[in-house]
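These are the residues of each chain, in order.
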Amino acid sequence: MKIGFIGLGAMGKPMARNLLKTGCFVAVTDVNPEAVAELVAAGAHTGINARAVAEITDAVVLMLPNGSVVEKVVAGEEGVLAGARPGFCIIDMSSVAPVTTRKMAALAAERGVEYIDAPVSGGVKGATEGTLTIMAGGRPEVVEQYRPVLQTLGQKIQHVGACGAGDAVKLVNNLLLAANMAAAAEAFTLGVKLGLSPQILYDVISESSGGSYAVKAKMPNFVLKGNFAPGFTIDLQYKDLELAVQSGKDAGMPLLLANVVQQVYEQARAAGLGQEDISAVIKLQESVNKVSVRTNKA
Ligand code: NAD
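Residues numbered from 1 in each chain as written. Predicted model: local features only at pLDDT ≥ 70, side-chain atom pairs only at ≥ 80, totals over all residues. Heavy atoms only, no water.

A.B. asks: Explain the site of the ligand to me, using residue names and the numbers behind them.
C.D. replies: Near the ligand there are 23 residues, and of these Ala10, Met11, Asp30, Leu64 and Lys239 occur at the shortest range. Met11 is positioned such that a nitrogen or oxygen atom in its backbone is 2.9 Å from an oxygen atom of the ligand. Within the backbone of Val31, one N or O atom sits 3.5 Å away from a nitrogen atom of the ligand. Protein burial of the ligand: of its 830 Å² of free accessible surface, 84% is covered by the chains. Elements represented by at least two residues in the shell around the ligand include exactly helix 4 (67–75) and helix 13 (234–251). Among the residues making up the shell around the ligand, the classes are represented as 13 nonpolar, seven polar and three charged. (Near = heavy atom within 4 Å. Polar contact = N/O pair within 3.5 Å; in protein donor to acceptor, adjacent residues only side chain to side chain. Areas by Shrake-Rupley, 256 points an atom, 1.4 Å probe, with all protein chains shown as cover. Helix = DSSP H or I, 4+ residues; strand = E, 2+ residues; numbered from the N terminus. Nonpolar A, V, L, I, M, F, W, Y, C, P; charged D, E, K, R; others polar.)

What follows is the structure in structure tokens.
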């Protein structure tokens, strides 16, 4: 099977590399020519745009920043649908709104093209190691057909419902990630303000009921080391919170915590931290409270 891959960023680049390692034909494109050149050097083919990639492949994986880019890449003049034949499949692994997926899937269906939304969890580490959790929405037989492709990229592949269901699971997951990260940032800052060592806080809490992915992964690998290179940017997390908040509005459900959490990330963006890892939300607390939650005090 010939696979296209569009969106060679923090996540997409290692994912495309994992597909290449299987020895299958992979054709890539991205608006960033350097990212394309890296993959071509590793053995990938390329096309000048999404349309050209679709023309030489059987299915295309998208790993793009947001819904409006996905819409452009799928349905734009030089988009995937312009080059896709009936029986082609679009596998969108970006995190977008369920409504975006349903709109794109309907356009695809008009041309006999299948559509799967398959957003992921596990970060750049999971993308590199091929251990992502993948939540797939779409027709069951289509998800089964492309399961081998998904298994190259991830460890846990769960079919969660019709088109858009994968996106819905993902926005719920990322609401929790954002809330846990903001809470861990505030709580660890309080601990240091109370005179505790950040390392001791981590050692105890990572093995206690206050633990979470934010504590277990983000504290030791980012915050305590003072390394805020993404990872998963505050801008992307903010976008995912917007998906959750908007979904709450659409469903008529008040989301008290989600709105407060979104303001934490809004504050971080206003402070110029948008391109840093989500763990950098702790800098807001550290600045106001004049403490440093680091083990490397250099
Ligand atoms: P990124 O910004 O690093 O990468 C996006 C890539 O898309 C870039 O290479 C960019 O040049 C490319 N791109 C933008 N517009 C394009 C266009 N019109 N045509 C072709 N390429 C285009 O983002 P990322 O961190 O890799 O995340 C990608 C998606 O995965 C997002 O939806 C994000 O929310 C989701 N996600 C990210 C993580 C993470 O830890 N970074 C984890 C899970 C899910």
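That was the structure; now back to the text.
A.B. asks: Describe the side chain of Gln237, and please don't skip the residues or the numbers.
C.D. replies: In this fold, Gln237 is placed in helix 13. Look past the residues within four positions of Gln237 in its chain and what remains in contact with it is Asn174, Leu177, Ala178, Phe232, Tyr265 and Ile278. (Contact = heavy atoms within 4.5 Å.)

A.B. asks: Which residues make up the pattern of salt bridges, and what values do they have?
C.D. replies: Evaluated as defined, the whole model comprises 16 salt bridges. The salt bridge involving Glu38 is made with Lys13; its shortest N-O contact spans 3.1 Å. On the criterion of sequence distance, the pair formed by Glu38 in helix 2 (residues 33–41) and Lys13 in helix 1 (residues 12–21) is long-range, its members being 25 residues apart. Judged by relative accessible area, which is 36%, Glu38 ranks as partly exposed. Close ionic contact of Arg147 with Glu144 constitutes a salt bridge, the shortest N to O distance being 3.0 Å. Each of Lys13, Arg17 and Glu38 takes part in salt bridges that share partners, so that together they form one network. (Salt bridge = Lys/Arg side-chain N within 4 Å of Asp/Glu carboxyl O. Buried < 20%, exposed > 50% of the residue type's maximum accessible area, 1.4 Å probe, protein only.)

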